[in-house]
Amino acid sequence: MIRVKTEEELKECFEYELSPIPLSLFDESAYQKAAKEKKKNNEELLQKIPKLHSFFHTRIVGSAEITVYDFNEKSQIPGPDPVKWNLNLDSINFLLANPPKIDISTIPFAETKRMFGNISRRLTPDHFMRKLQNGEKKLREWILYSPSKNALFCFQCLLFSPKPTVFGNKNEGFINWKKCNESLQEHETSKTHAESVRIWFSRIKKEDRGVIDLELKLNIENQISYWKNVLYRVVETVSFLASRGLAFRGNSHNFGSKQNGNYLGCLELVAKFDPFLSAHIANYGNKGKGNVSYLSSNICDEFISLMSDTVIDKIVSEIKERKYFSLIVDSTPDVTTRDQLTVAIRYISNEGLPVERFLGFIPSVGHKGSDMEQALLKKFCELNIDLKFCRGQSYDNASNMSGVYNGLQTRIKNYSSTAFFVPCSAHSLNLIGSNAADTTQEGTKFFFICQAIYNFFSVSTFRWNILTNIIEKNPGCVKIKKLCSTRWSSRYDVCRAMCNGYAQVLSALNTICDDEGQKKDTRHEARSIKNKIESLNFCFMICMWTPILQRFNATSISLQSIDIDLATVVTLYDSLEKYVEDFRERFDVYLEQAKTMCSKQLFSWDGVRQKKRNKFFDETESNEELLGGEQKMKCEVFYVIIDKLAMNLRERKLSYTDINNNFGFILKLDTLDTNGIRESAKNLVKIYPEDLNETFIEELVQFKNILNLFSKEDKSSFISLLKCLTNSSLLTTFPNVEIVLRIFCCMASSNASGERSFSVLKRIKNYLRSALVDEKMSSLSILNIESDILQQIDWSDIIHKFAVLKSRKKLI
């Protein structure tokens, strides 16, 4: 509505209704279209006030601000060239709301050449910078360059200069490059320029200039604030559920329903203590399609994808900043038997600590090395990560990944020749134990009986209660455990439970055998298991395997840590190898323990007639000696298992020793002579020619004297040394040393992070959510695994953009 008395009063109080129209800065067609639409909608108004054709108003809505300026059908939006400006009330108001920005990089300085006699002069970037007395440089934001006239102008003087100046004359402009510096300094300190700046600043700060749209502006700002408050609650709810791996949806999408899922349920819970959300749900909760409330499943899925992309962008930016990384890849089938390839990455943070991050799942890529190669290339291309900076690979020992001809590790080396393959140290340790156990019949039989004991008691709640009641009466005993086929070192729990609760398991089996109320086949099975575990063979295997597996399990846990480097891996393998070799001399100790445990003195083969092999007619007589008793257990079982463990440890260690030998000398600098240091440094320069130069050799020689000043704890490992160097003032003096440490520490020694992602996969995509699409499943997994990054991100910018779009939609 318009209520005016005079034309001047109308200019100050002009009010009407018009939907906000977003216009780009130089989109003239949209500008004219908006003007025509405005004129059509206000035709009746124009007939009443014919003098105000040049005072039609539109608005540009962006970043929660309203810009108001006048225009008519003949107006043109000012372009980037000031010479072509048609300065009138329309264009001046537009330029006040949208001032031009200086971008020095777009100015063709080579084309600004002018001849002054025989000498040519041209503009330079320094002309656009003002040098202060203290040496600081500031950008001269008032300068405008005209490509068509090859001249300089003053923005404020062009619009509001009280006196004519060469910088404020659109038809002239400043062109004397010979005296450019002096003229620029003279103009920016002149009274005319100062007055123009004062007028310009007063115009842009004058709040009354937008009084005609003040009420609309306040309305939009209130709407934006409202939707931002809604979105903050939505984002926090999504973050809470995703970081804990909880389901979002239920069978219903309505508030008040008991089957509406965790997402709407959490919002309902918060609404009980939040009047704002309670009122919002009451007004927009169950209005159905077409009534946007930001509480629907579509918005929820959109935020899950958006938040996941933001987390990944954060990770990728850190990777690019730190440059070097290593790959961790593994695969497993999900609940729908669809193969999922997990991709993780290891790099060094700004604090000098190793970080392993999850990048997502890639579904159904196949098990061939070529298929996984193409899937990884596509993934890293999408993330804009260059594989040439890959310095390590860690997979399991499957041939499609570790193969030296067609395996994935060989194919990745085609993109980065220094991406050395490191077999998963924890997985290798599992293979060492399982191979050793399978070398003898007694070793295989022992774990088979342990699993049979667990199966017998766990299949019936009655039997399990009998065993549990007996165990609980004896402190120190633990419940029997199930064997794990993948984590072989965890069999220590099985042996520990049998070692501490051997008498209790026997007592439970005797109780079941003597129970007349049990079925005959149950009593027979209990008696059969009882006879097997009462033997000296079984008890000896318990006493032998328990300490071995205890050390294997402790070592495996250390190997799965993120804060570990290859040097530590080699040290752990060395220590375990020496422990097994020393274990070889302790047969008599464990035999005595076994005899005490079962009160038996003979093995199962003692007292049984030994079978002799029939000889063929052409064989000669030989004194073939058949072992029996303790000698048979020692030579055919104990020594075989121990020697197999030691041999496998020695072989597996070689995979890590070769790489460690290239770097390991750095921790021993104080014990090496200068020539030895130079030779080792030359070898590293030869291996990494793209990362190191010859200066590294002398830099490392100097670093030897600095290393003596480090504490013993700082020199204990490569990671602690890298952390100390990164956080010290020595980083600029020894940059190549830091690069070498960063490359070595970023090499992953295990793919434990990839294995851990499978646990999240089982929670995210379970049988109730078997239809979950791959993109959403990967996004939820990222939010759950990288929840620490999720909690650190400020979502204000994203929420503000959503709120601005929402407020505009509500006002139309």
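Residues numbered from 1 in each chain as written. Predicted model: local features only at pLDDT ≥ 70, side-chain atom pairs only at ≥ 80, totals over all residues. Heavy atoms only, no water.

**What about the sheet that holds strand 12 (residues 390-394)?**
Reasoning step 1: Spatially, the five strands line up as an open sheet ordered 11-10-9-12-13, and their pairing is mixed. Since the sheet does not close on itself, it has two edges, and those belong to strand 11 (354-363) and strand 13 (420-421), each with one partner.
Reasoning step 2: In the sheet, strand 12 pairs with strand 13 via two bridges, with the strands oriented parallel. From the neighbouring strand, Gln-393 faces strand 13, where its bridge partner is Phe-421.
Reasoning step 3: Here helix 29 (residues 752-764) sits on the sheet and contacts strand 9 (325-333), strand 10 (339-348) and strand 11; the angle it forms with strand 9, its principal contact strand, is near 40°. (Pairing = 2+ DSSP bridges. Helix = DSSP H or I, 4+ residues; strand = E, 2+ residues; numbered from the N terminus. Contact = heavy atoms within 4.5 Å. Axes fitted to C-alpha atoms, helices over the stretch in contact; angles between N-to-C directions.)

**Here's the deal with the packing of helix 27 (residues 718-726) against helix 28 (residues 735-745)**
Reasoning step 1: Put simply, helix 27 and helix 28 touch, their axes get as near as 10 Å, and they point 140° apart. The orientation of helix 27 relative to helix 28 falls into the category oblique. The hand of the helix 27/helix 28 crossing is left-handed. Contact residues: Phe-718, Ile-719, Leu-721, Leu-722, Leu-725 and Thr-726 in helix 27; Val-737, Glu-738, Leu-741, Arg-742, Phe-744 and Cys-745 in helix 28. (Parallel < 35°, antiparallel > 145°, perpendicular 65-115°, else oblique. Left-handed = near helix turned anticlockwise from the far one by under 90°.)

**Concerning the pattern of salt bridges**
Reasoning step 1: Summed over the entire model, instances satisfying the criterion amount to 26 salt bridges.
Reasoning step 2: Across the pair Glu-698 and Arg-678 runs a salt bridge whose closest N-O atoms are separated by 3.0 Å. Of the two residues, Glu-698 sits in helix 26 (residues 695-707) while Arg-678 sits in helix 25 (residues 674-687), which places them 20 residues apart along the sequence.
Reasoning step 3: Assessed through its relative accessible area of 26%, Arg-678 is described here as partly exposed. (Salt bridge = Lys/Arg side-chain N within 4 Å of Asp/Glu carboxyl O. Buried < 20%, exposed > 50% of the residue type's maximum accessible area, 1.4 Å probe, protein only.)

**Quick word on the environment of Glu-738**
Reasoning step 1: Structurally, the position occupied by Glu-738 is in helix 28.
Reasoning step 2: For Glu-738, a relative accessible area of 6% corresponds to the buried category.
Reasoning step 3: When near neighbours in sequence (up to four residues on either side) are disregarded, Glu-738 contacts Arg-322, Leu-722, Leu-725, Thr-726 and Leu-731.

**Overview of the pairing of strand 11**
Reasoning step 1: Within strand 11, nine of the ten residues are buried, leaving the element largely enclosed by the surrounding structure.
Reasoning step 2: As judged from the nine bridges shared by strand 10 and strand 11, these two strands associate in the antiparallel manner. Bridge pairing links Arg-346 to Glu-356 in strand 11.
Reasoning step 3: Hairpin connection of strand 10 to strand 11: five residues between the antiparallel strands, including Gly-352 at a positive phi of 85°.

**Let's talk about the confidence of the model for the chain**
Reasoning step 1: Looking at the chain, the pLDDT average stands at 82 and 85% of residues meet or exceed 70.
Reasoning step 2: Predicted confidence is poor over residues 1-28, with pLDDT under 50, and the contacts of this stretch with residues over four places away or in other chains come to 54 contacts.
Reasoning step 3: Every residue in residues 207-212 scores below 50 in pLDDT, and together they form eleven contacts with partners more than four places removed in sequence or on other chains. (pLDDT = per-residue confidence, 0-100.)

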